[in-house]
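# Structure assessment
Chain by chain, the residues run as shown.
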Amino acid sequence: MNIQQLQSQIDSSFPLQIRYFPRLASTNTTATRLAKEGVSGWTVVVADEQTAGRGRHRRNWVSPAGLGLWFSIILRPTISAQKTNLINLSTAVIISNFLEQRVKEEFPDLCIDVKWPNDILIAGKKLCGILLESGIKGNNLEFVVIGIGMNVNQTVTQFSAHIKKFATSLQIATGKEWSLEDLLGEFLVYYFGEIENTLQNNFEGIISAYQSRMIYKNREIEIDFKNRKERGIVEGIDTSGYLKLKTDAGINIITAGDVWGIKKGKWS
Ligand code: BTN
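Residues numbered from 1 in each chain as written. Predicted model: local features only at pLDDT ≥ 70, side-chain atom pairs only at ≥ 80, totals over all residues. Heavy atoms only, no water.

### Overview of the nonpolar core
The biggest cluster of nonpolar side chains holds 65 residues, and the ones touching the most others in it are Phe71, Ile73, Leu99, Ile146 and Leu188. Broken down by element, the residue count for this core peaks at 10 residues, all from helix α3 (residues 84-104). Beyond its immediate sequence surroundings of up to four residues, Leu188 is in contact with Ile10, Leu16, Ile18, Val44, Phe71 and Ile73. One finds Leu24, Ala35, Val45 and Ala47 within the second-largest nonpolar core, a separate group that totals 10 residues. (Core = buried A, V, L, I, M, F, W, Y, C linked by side-chain atoms within 4.5 Å. Buried < 20%, exposed > 50% of the residue type's maximum accessible area, 1.4 Å probe, protein only. Helix = DSSP H or I, 4+ residues; strand = E, 2+ residues; numbered from the N terminus. Contact = heavy atoms within 4.5 Å.)

Structure, rendered in structure tokens:
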């Protein structure tokens, strides 16, 4: 990545500190270590390639050099630890709004959705994932590391047979190559403004903004939750961001899991 080109997208008045590495095991692991060592909020760890990129539920996150954005943002908001999950939801909303503006202006037919809890889908396939890790002091958040992985310039053949069923990239969705530096620079400036606003407004409006982006709202899904499968209709999310699933037994609140849509008896 051309770091000068990236920096040129970011006005010097922004308090962003970029720490760039050609190769890391995981930007989240490095960012968490730096946060524990006391680096300031708005430090962003970026790598061209991750050799041990991490996803949710201890999965691997494939992060080859030059094909995507793999980065972690350290924030130090003064909020209670209970609200950490709202940062997760807000980040999903902000990324999808960013893509809406940045991609849809040229490609108006593309559909951008969020799959609970925090997958960003484009044309129904996963483009981007978020992995949040935090440090807590007493009841408060000491720091949060927001790890974002976005598939940008992969072609279909560059995904493994398993991944290509579920994943996509901006290039696959739009048919053109994207500049990683420009995209990341523009995103960081946008994210900075939006998340600062969201924090200042105590997350007001986030639940409804999230729900309006949610794929499968009012539709039947199956979810792997606590080692068993639950089926039901997605009602939305509660004020903590947990999934409200309407089942025969009533409303079930789901705190974690992988959601699969059901279409005519088949997974979609
Ligand atoms: C998921 O959807 O499972 C979350 C994927 C998060 C991947 C990003 S890539 C940058 C950061 N560093 C990591 O090791 N993981 C996150």
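Structure's up, so let's keep going.
### Some thoughts on the packing of α3 against helix α6 (residues 180-200)
α6 packs onto α3 with a crossing angle of 130 degrees between their chain directions and a minimal axis gap of 10 Å. One finds that α3 runs oblique with respect to α6. The hand of the α3/α6 crossing is right-handed. In this structure, α3 uses Ser90, Thr91, Ile94, Ile95, Asn97, Phe98, Gln101 and Arg102 to contact α6, whose residues at the interface are Leu183, Glu186, Phe187, Tyr190, Tyr191, Glu194, Ile195 and Thr198. (Axes fitted to C-alpha atoms, helices over the stretch in contact; angles between N-to-C directions. Parallel < 35°, antiparallel > 145°, perpendicular 65-115°, else oblique. Left-handed = near helix turned anticlockwise from the far one by under 90°.)

### Topic: the site of the ligand
Around the ligand sit 19 residues in total, of which Ser26, Gln50, Arg54, Arg56 and Lys126 are the nearest. With respect to the ligand, the backbone of Asn28 contributes an N or O atom lying 3.5 Å from a nitrogen atom. Measuring from an oxygen atom of the ligand, one finds a backbone N or O atom of Arg56 at 2.7 Å. Starting from 420 Å² of accessible surface for the ligand in isolation, the protein chains cover 99%. Of all elements in the fold, only α2 (27-37), β3 (68-75), β6 (125-137) and β7 (140-151) reach the threshold of two or more residues within the shell around the ligand. Of the residues forming the shell around the ligand, the biggest block, 4 residues, is contributed by β6. Of the residues contributing to the shell around the ligand, the split by class is 5 nonpolar, 10 polar and 4 charged. (Near = heavy atom within 4 Å. Polar contact = N/O pair within 3.5 Å; in protein donor to acceptor, adjacent residues only side chain to side chain. Areas by Shrake-Rupley, 256 points an atom, 1.4 Å probe, with all protein chains shown as cover. Nonpolar A, V, L, I, M, F, W, Y, C, P; charged D, E, K, R; others polar.)

### Quick notes on the pattern of salt bridges
Per the counting criterion, the structure on display carries 16 salt bridges. Measuring nitrogen to oxygen at the nearest pair gives 3.3 Å for the salt bridge that ties Arg23 to Glu49. Of this pair, Arg23 sits in strand β1 (residues 17-24) while Glu49 sits in strand β2 (residues 43-50), and the two are 26 residues apart along the sequence. According to the relative accessible area criterion, Glu49 is partly exposed, its value standing at 22%. Residue Arg231 is joined to Glu220 by a salt bridge in which the shortest nitrogen-to-oxygen separation is 3.8 Å. With Arg231 in strand β9 (residues 228-237) and Glu220 in strand β8 (residues 220-225), this residue pair connects regions lying 11 residues apart in the sequence. Judged by relative accessible area, which is 41%, Arg231 ranks as partly exposed. The class of Glu220 is partly exposed, set by a relative accessible area of 34%. The network of salt bridges with shared partners includes Arg56, Arg59 and Asp258. (Salt bridge = Lys/Arg side-chain N within 4 Å of Asp/Glu carboxyl O.)

### Focus: the packing of α3 against helix α7 (residues 206-213)
Here α3 crosses α7 at 55 degrees, and the two axes come no closer than 10 Å. With respect to their mutual orientation, α3 and α7 come out oblique. The hand of the α3/α7 crossing is left-handed. Residues Leu86, Leu89, Ser90, Ala92, Val93, Ser96, Asn97 and Glu100 of α3 touch α7, and the partners they reach there are Ile206, Ile207, Ala209, Tyr210 and Arg213.

### Section: unusual backbone geometry
Cis peptide bonds are those with omega within 30 degrees of zero, and the linkage from Trp116 to Pro117 qualifies with 0 degrees. The topology assignment puts Pro117 in the loop between β4 (112-115) and β5 (119-122). The backbone phi angle of Trp42 is positive, close to 70 degrees, even though this residue is not glycine. Summarising the element assignment, Trp42 is placed in the loop between α2 and β2.

### Thoughts on the sheet that holds β7
Pairing is mixed across the open sheet formed by 7 strands, whose spatial order is β1-β2-β3-β7-β6-β5-β4. Each end of this open sheet is capped by a strand with a single partner; those strands are β1 and β4. Averaged over all pairs of adjacent strands, the angle between their axes in this sheet comes to 20 degrees, without regard to strand direction. Across 7 bridges, β1 lies against β2 in parallel orientation. Along β2, the bridge assignment pairs Leu24 with Gln50. (Pairing = 2+ DSSP bridges.)

### Topic: the state of the cysteines
What we call a disulfide is simply a covalent bond connecting the sulfur atoms of a pair of cysteines. Summed over all chains, the structure comprises 0 disulfides. Left unpaired, Cys111 is separated from the closest cysteine sulfur, that of Cys128, by 16 Å. Here Cys111 falls in the partly exposed class, since its relative accessible area comes to 41%. (Disulfide = S-S within 2.5 Å.)

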